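# Survey of secondary and tertiary structure
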Amino acid sequence: MNNILCIGDFFKTSNNYKGNVLFNEPLSPRTTFKIGANAALLLEPFSIDSFIFCISYLKSQNQIFFILGGGSNVVFPDDDYSGCIISTNKLSQISSVTTSTSISSSDKPLSELVHCDCGTPFSALINFCINNNLTGIEEFAGLPGTIGGATFMNARCFDKSLSDIIFSTTFYDIKKEKIFTEEFQSNQWDYKKSPFQQSEKIILSVILKLQKNQTSSEDIKNLCNHFTSERINKGHFKFPSAGSVFKNNRTFGKPTGQLIDEAGLKGLQIGQAQIASWHGNFIINKGKAKSSDVKALVNIAEEKVYNKFGFSIEPEIIFVDNI
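To start, this report covers the structure provided alongside it. Owing to the predicted nature of the structure, the values given are computational and were not obtained by experimental measurement. (Residues numbered from 1 in each chain as written. Predicted model: local features only at pLDDT ≥ 70, side-chain atom pairs only at ≥ 80, totals over all residues. Heavy atoms only, no water.)

### Focus: the packing of aromatic side chains
Both the distance between ring centres and the angle between the ring planes are used here to describe each pair of aromatic rings. All told, the structure shown has 15 aromatic pairs when counted by the stated rule. Residues Phe66 and Phe76 carry aromatic rings whose centres are separated by 5.9 Å and whose planes lie at 80° to one another, so their mutual orientation is edge-to-face. Of this pair, Phe66 sits in strand E3 (residues 65-68) while Phe76 is found in the loop between strand E4 (74-75) and strand E5 (81-87), placing the two residues ten residues apart along the sequence. Here Phe66 and Phe76 have matching classes, each one buried. A network of ring pairs unites the aromatic residues Phe10, Phe11, Tyr17, Phe53 and Tyr57 as a single cluster. A cation over a ring is seen here: Lys238 above Trp278, with NZ or CZ 4.3 Å from the ring centre. Lying over the aromatic face of Phe309, Lys308 brings its terminal NZ or CZ to 5.8 Å of the ring centre. (Phe/Tyr/Trp six-rings, centres within 6.5 Å; stacked < 30°, edge-to-face > 60°. Helix = DSSP H or I, 4+ residues; strand = E, 2+ residues; numbered from the N terminus. Buried < 20%, exposed > 50% of the residue type's maximum accessible area, 1.4 Å probe, protein only. Lys NZ or Arg CZ within 6 Å of the ring centre and 35° of its normal.)

This is the structure in structure tokens:
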């Protein structure tokens, strides 16, 4: 603990770091699940340069850290996290890329490129697209979290993956200590898979390929409202949760929520965590749920589905383990 306090004091006095330095910071309010204790140290850089400085310095000190976006797919531990959390909350600039780099062809409408820093909330991105008459991202309306986290997970909403509209990514390679920009390569992406999982490449920003709408921005707004309403009607926001707990395996023929339902698990409750009575692939926090409660439900669902169907379901939520 003394070491993490020294690291925090270093960032407070460093001329290379601009951002917040927070000790003993509550983590549950920073997640959609509202689960978790405190972080010994939380850094909230104000710029991409300060973000990279955080990563580089912590790596040089062999300090374990976790990068937190919107916290929509994360379950923090019940005990205080003794490492360092780096929040991308303040890294949220959005801008249109110059039209000279936009893409057009004779058989497709003009594509507009939009740059988003990794901490950009989807709510801000959706509003930017509505205000600038840009279409192609409506399926992600109402999605909690940030563009960085969604890129890392290759989020999928209403049969559309984020990789369907990614033009390029800029990332910091921890091993090489360099920044790279790579255009989208389809062979590196798959259903809820990205090249950033199981790697030491940290997403800094993303450029999305959207289209300029030829009619009114009201059309975009109405479509966004439609998908947001779909989430509401499916009960996404009835209780704190992380949305879908398990990935769907499309080759199996049934969504995972249906498998959990047919295994008789809907409504199962441990502590204050419950497999939602209306959706088998949601685990909800009914009050003061613990990480251990959620983990126990995940383990039971995995076991029961495998025993009934001979099929292993794969969690997509991230359990942050303590050091």
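On we go from here.
### Points about the layout of surface pockets
Taken as a whole, the second largest pocket holds about 170 Å³ of empty space. Along its surface, the second largest pocket is lined by 14 residues, and Phe122, Ser123, Ile126, Ala141 and Gly142 are the ones closest to its centre. Of all the elements in the fold, those that place two or more residues in the lining of the second largest pocket are helix H3 (122-131) and helix H5 (217-233). When residues of the lining of the second largest pocket are assigned to their parent elements, the largest contribution, five residues, is made by H3. (1 Å grid on protein atoms, 1.4 Å probe; cavity = no way out; pocket = protein on both sides within 12 Å on 5 of 7 lines; lining within 4 Å. Points joined across faces, edges and corners; volume = space filled by probe spheres on them.)

### A word on helix H7 (residues 291-309)
Over its 19 residues, H7 extends 27 Å from the first C-alpha to the last, a length consistent with the 27 Å expected when each residue adds 1.5 Å. What H7 keeps buried is the set Ser291, Asp293, Val294, Leu297, Val298, Ala301 and Val305. All buried residues of H7 lie within an arc of 160° about the axis, which places them on one face of the element. On the buried face of H7, the contacting elements are E4, helix H6 (256-262), strand E16 (269-270), strand E17 (273-275), strand E18 (282-285) and strand E19 (318-319). Remark: Gly310 follows H7 within two positions and exhibits a positive phi of approximately 70°. (Expected span 1.5 Å × (residues − 1). Arc of directions from axis to C-beta. Contact = heavy atoms within 4.5 Å.)

### Structural notes on helix H2 (residues 48-60)
For H2, built from 13 residues, the straight-helix expectation of 18 Å at 1.5 Å per residue is met to within 8% by its first-to-last C-alpha distance of 18 Å. Residue Asn62 follows H2 closely and has a positive phi angle near 55°.

### Structural notes on the pairing of strand E14 (residues 201-212)
Here strand E9 (residues 134-135) pairs with E14 via two bridges, running antiparallel. Counterpart to Thr135 in the pairing with E14 is Gln211. In the sheet, strand E12 (residues 166-173) pairs with E14 via seven bridges, with the strands oriented antiparallel. Directly across from Thr170, in E14, lies its bridge partner Ser205. (Pairing = 2+ DSSP bridges.)

### Regarding the sheet that holds E16
Read across the sheet, four strands follow the order E15-E18-E17-E16 without closing on themselves; strand pairing throughout is antiparallel. The sheet is open, and its two edges are formed by strand E15 (241-244) and E16, each paired on a single side. Strand direction decides the pairing type here: E15 and E18, joined by two bridges, are antiparallel. Pairing of Ser241 across the sheet is with Ile284, part of E18. Sheet strands touched by H7: E16, E17 and E18. Its angle to E17, the strand with the most contacts, is close to 25°. (Axes fitted to C-alpha atoms, helices over the stretch in contact; angles between N-to-C directions.)

### Re the nonpolar core
Counting 53 residues, the largest nonpolar core has Phe11, Leu43, Phe122, Leu125, Ile137, Phe140 and Leu208 as the members making the most contacts within it. In terms of residues, this core owes the most to one element, H2, which gives seven residues. Counting 22 residues, the second-largest nonpolar core is a separate cluster that includes Ile35, Val75, Leu265 and Ala289. (Core = buried A, V, L, I, M, F, W, Y, C linked by side-chain atoms within 4.5 Å.)

### So, the pattern of salt bridges
For the structure on display, the rule yields ten salt bridges. With a closest N to O distance of 3.5 Å, Lys266 and Asp261 form a salt bridge. Residue classification places Lys266 among the partly exposed residues on the basis of a relative accessible area of 31%. By relative accessible area, which is 35% here, Asp261 ends up partly exposed. Salt bridges sharing partners connect three or more residues here, namely Glu25, Arg30 and Glu44. (Salt bridge = Lys/Arg side-chain N within 4 Å of Asp/Glu carboxyl O.)

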